Every structure is written in C-alpha cells, then in structure tokens.
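The chain contents come next:
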Amino acid sequence: MSKFLFVVPPFFGHISPTLSVGATLIGRGHQVTWVGIQEIAAEHIPAGGRFIVPHAELEEHLPEIRRILKRQDDGPNISGAETLKLALEETYMPFCRFIMKGLERIADEFQPDVIVNDCITFAGAICAYNKGIPYVTTTPVPPDVGGDAMSAPKVHAWWVRNILELQQSFGIYASTAIVNSGELNLVFTSQEFAAIAQPPEYMKFVGPVKGRPNNTPFDWERLEKAVGPKVYVSLGTLLVDIRKDFFSKLIAAFADEPLTIVAATSPDIFEQWPDNFIVQGYVPQTQLIAKMDAVICHGGFNTVNDTFMNGLPMLITPIAYDHFHTASLIEKAGCGIKLRYKRLRVNDLKAAMWEILRNPQYRSAAAHIRDTYIQAGGNDKAVEYLETFAASKRLVAF
Amino acid sequence: MDQLTQPTQLSEEAILEVLKQFITEVIGQEFVEDLDITPQSSFTKDLEMDSIEIVAFSEKVKAHFGKDIDFTGWLSNMDLDEIINLNLGDITKYIQSCL
C-alpha cells in the first residue's frame, strides 16, 4: 500500500476531483492526506482521509491570503490579459510561497510515496522535486494546449520566466518548468472533448470522477409537477458579485416561457421569483441534473462534467478564466451553444435555449461526449494510473 | 462590401470614426450605447473584446484599409502589459503608420 499526499488550491472546482480519487484510493487501502491553504467542509473529506491546513506556518500570510481570495471576484470585470496576470502573478505564485513551509513539514511527517499536485498548485511539485519524491499532477479542466492567449510569444515568455524564477527561489535551476509532472498528468475529461489529437505521453484523460453522494434536501415533489422542459442553471461557487445581473437576464428571458428553471443560487437576491423558477442555494446537483433536459452554466468544470455525463445539451455563458476555452470545446463538439456573458441579450438567450431543447443534434452530440467520458474510465482508471506509478517508483527505489 | 479608401489622406480622427463603426458592428449596437468610445478607450478593458471579436475586427480593418495591415500579427507581438494598456488611439496610430 502507498501513501499519497494531494496538494490543492483553495478553489473547490480543483479540490473536488481529488477528493473523489482520494476516496477510491482509501477504499483500496492506501493512505491519503490533503494539504491546502484553506479548510474545506468536513463532510467533503472522505472517511479515513485527512485534510491538513498548516495554520501555524500560514498565519503570517493570512491577511494576504484573504485579500487574494477576495480579488478573484474581479475576474469577470477585467480583461483576459489581466486575468492571466491575476492568475499567475497574484494568485498561483504567492500561494506557492505561502504554503511551502507548512507543506514541507507535513511531507516530512507523512513521508508520502507520491505527491499529487493540482495543476495550479505549484508548491506540491516544487516540494516533491526538492525532496526527491515522485509526483503526479491533476488537471480538472481541459488543458488549453497552445491556446489563444499563450500563443503570443512574449506572453508565453512571460509565463515561463515567472515559473523559472519561482523555481529558482526554491533552489531549482532546471531550464524548464517542473511545476507540472512530466511523468503523469491526470486530466478529468475525455481526450475527444479536450480536442487534443496528440497529447504528450504523460497526459492521461480519465474522464469525470465520482464523489460521495450529496444528500442536500430538495423539493423533488415540486420538480415532479413542473411544466415543460426542465433547465438547470448554475454559476458555481465563485462569482458572487454578478449573480443578480445574470439572473435578471434569465428572468427576463424565461419567466413567460413554457419551461421550468431550476437555479442553484441563493434565493435572497430577489424578493420574488417567477413561478416557473425553482431556486435553492445549495442543491444535490448530480441527482438534479439527471432529471433535467438542458443546463445553463458559465463553464465551471464540475457542472460541465455532470451535464455531459447525463448526455444533456448546454447553453454556456463564459465569463472569465478558462470558461472561454471550455465554451469553444463545447461548440466544437456540437453539444451546446455559447453566448458570451458580456454580450448576453435576452432574445439570444431565449432563441439559443429553444434551439438546444428542440434540435436533437445537440443532445446526440452530448450523448456521444457522455460515451467518451465513460470509456475514459473515471475513478478506477485514475487509481490504476496512480497505483502503477507508485509501484514503478518503488521498483526504482530498490 | 467595404471600399478600399485612399488612405494617405486619412487623419487619425477619420480613422477613429471608421474604427468606431467596426466596433459597433462587431460587438453590437446595444453594447456600444453604454460606451463612450474615445482614443483613450482600452481595447480589452473598456471594449471588452474577446479573441473572436478581435479577429472579426481585424478582418474589417484589413478589408477597409488594405490587406497589408496585419493587426492580429501586431497584437501577438505584444507583451501582457502592452495588451492590457492598448487603447484605440494606439490602434489608430498603427493603422496610419501602415498606410
């Protein structure tokens, strides 16, 4: 049996698939520990696993961590070029510096056989590299290989320069980036959906992974009585500031249409909702989506995966960050329609919604993506890769 | 079809007027109404153009001012801060320098 140490950022979309894979590892008798810079709700941590936040070492950075987390809300209001800077210079790099001391202590105490670092949580890779511990990377979203923003040579050079400087500040003088594993990178989507024809050998597409059941109560009876097609809407856990504006447009578009909207958002943003809107802050999303006919979301990847796992078409309204890349993949696969959030018109929303509900080609393309997801293997495949990796490293060690 | 104009006589103001028209066509009248488009307007921050819109805008610029204007090529040679700070006045000057 092996010991796995997951290193994760304070963003639930990145943590969630690691919890699912971790639960399966624990079920097979491995020891699993997570390290993060912010606590997560106890019910999310798989039984038998530990989630450690090195509070003592993080304490001096707390005001800065809070400021950076708050700063993420600016994402929708700044340009793509600025979000790149926000991500790398103002978020990933400082978080890497803040967590390192505590992470190194925990690694020394836990003595993992393998460190599994999330793709934006560079500390995991740097710590592993310096301690000679084998490491694997997890990537929750389809990687934007050679994407728009990074294709500009000076932008790419900026990225590499920053990563190399970060590595050097921890005594690593490698000429290339080591912050993601060059041996095994688990990607939680299918190769076909990611549209990467020839991925590097270390990149393994395992599809969505399943977590523990979410038993949040929901008014299932009301849903049973709902009229017309049912459309699930989620903006995910981030992006708090724009909810009111977003849902105002949805109300304008769908209040008088013969369909039912199920919205995962706090109902208190409006005094009154239209009768055909069922609104609840936290919902059992996986169970709910199984009963829907279509989904509207901004491109948060857990919702994207839940949607196509159920073979449903999606209306995607990308706002910032990697949403645009995900939206372009959805259009490429033909399983949905993209309407950019900043250019959202009520009439376009209405027309696009009825198009994906009535034109069967979107649903059949979504069903095809579901098949590629299932074939990718999910939890079992991810764990198989991790166990094989750990075993091969043990052999080398002997 | 856009007409190929006699570009050498164009002032920055005249170019700006044409660009304003292209911006309206690309991002839509209702989204332009709330904007005060000036030479100081930031391309990414104020106009909030995404890559698809930038390509559409670039095609219009080429069709109108001449195919030698490699707007996207010019953009792709910028570093991040240049992209962030790029404003409409810079684009006007760039087009004028190509004419």
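Residues numbered from 1 in each chain as written. Chains lettered and ligands numbered in written order. Predicted model: local features only at pLDDT ≥ 70, side-chain atom pairs only at ≥ 80, totals over all residues. Heavy atoms only, no water.

**Topic: the interface of chain A and chain B**
A common way to report how large an interface is uses the accessible area buried once the components associate.
Consideration 1: With 18 residues of chain A at the contact, the number on the chain B side is 22 residues.
Consideration 2: Between chain A and chain B, roughly 1700 Å² of surface is buried when both sides are summed, and carbon and sulfur atoms account for 54% of that area.
Consideration 3: Put simply, chain A and chain B have seven salt bridges between them.
Consideration 4: Here Asp81(B) and Lys85(A) are joined by a salt bridge, their closest N and O atoms 2.7 Å apart.
Consideration 5: At the surface where chain A touches chain B, the tally comes to 10 residue pairs in polar contact (both at pLDDT 80 or more).
Consideration 6: Residues of the side of chain A that touches chain B, tallied by class, amount to eight nonpolar, one polar and nine charged. (Contact = heavy atoms within 4.5 Å. Buried area = accessible area lost by both parts, 1.4 Å probe. Salt bridge = Lys/Arg side-chain N within 4 Å of Asp/Glu carboxyl O. Polar contact = N/O pair within 3.5 Å; in protein donor to acceptor, adjacent residues only side chain to side chain. Nonpolar A, V, L, I, M, F, W, Y, C, P; charged D, E, K, R; others polar.)

**Observations concerning the pattern of salt bridges**
All names here are of chain A.
Consideration 1: Counted by the stated rule, this structure contains 23 salt bridges over all chains.
Consideration 2: Here Glu57 and Arg105 are joined by a salt bridge, their closest N and O atoms 2.5 Å apart. Taken as a pair, Glu57 in helix α2 (residues 55–58) and Arg105 in helix α4 (residues 80–110) lie far apart in primary sequence, 48 residues in all.
Consideration 3: Residue classification places Arg105 among the partly exposed positions, given a relative accessible area of 32%.
Consideration 4: Between Lys393 and Glu183 there is a salt bridge; the shortest N-O distance is 2.6 Å. Separated by 210 residues along the polypeptide, Lys393 in helix α15 (residues 378–397) and Glu183 in the loop between α6 (153–169) and β6 (185–187) bring together distant segments of the chain.
Consideration 5: Among the residues examined, Lys393 registers a relative accessible area of 22% and is labelled partly exposed.
Consideration 6: What makes Glu183 partly exposed here is its relative accessible area of 45%. (Helix = DSSP H or I, 4+ residues; strand = E, 2+ residues; numbered from the N terminus. Buried < 20%, exposed > 50% of the residue type's maximum accessible area, 1.4 Å probe, protein only.)

**Observations concerning the sheet that holds strand β5 (residues 135–139) of chain A**
The strands making up a sheet are joined through hydrogen bonds of the backbone, oriented either antiparallel or parallel.
Residue and element names in this part refer to chain A.
Consideration 1: The strand order across the open sheet formed by seven strands is β3-β2-β1-β4-β5-β6-β7, and the pairing between neighbours is parallel. The sheet is open, and its two borders are formed by β3 (50–52) and β7 (203–205), each paired with just one other strand. Recorded for the sheet is a direction-independent mean angle of 25° between the axes of neighbouring strands.
Consideration 2: In this sheet, β3 lies alongside strand β2 (residues 31–35) in parallel orientation, the contact comprising three bridges. Along β3, the bridge assignment pairs Trp34 with Phe51.
Consideration 3: Strands β1 (3–7), β2, β3, β4 (114–118) and β5 of the sheet are contacted by helix α1 (residues 12–27), whose axis makes an angle of about 165° with β2.
Consideration 4: Relative to β4, helix α5 (residues 122–131) is tilted by about 150°, and along the sheet it contacts β1, β4 and β5. (Pairing = 2+ DSSP bridges. Axes fitted to C-alpha atoms, helices over the stretch in contact; angles between N-to-C directions.)

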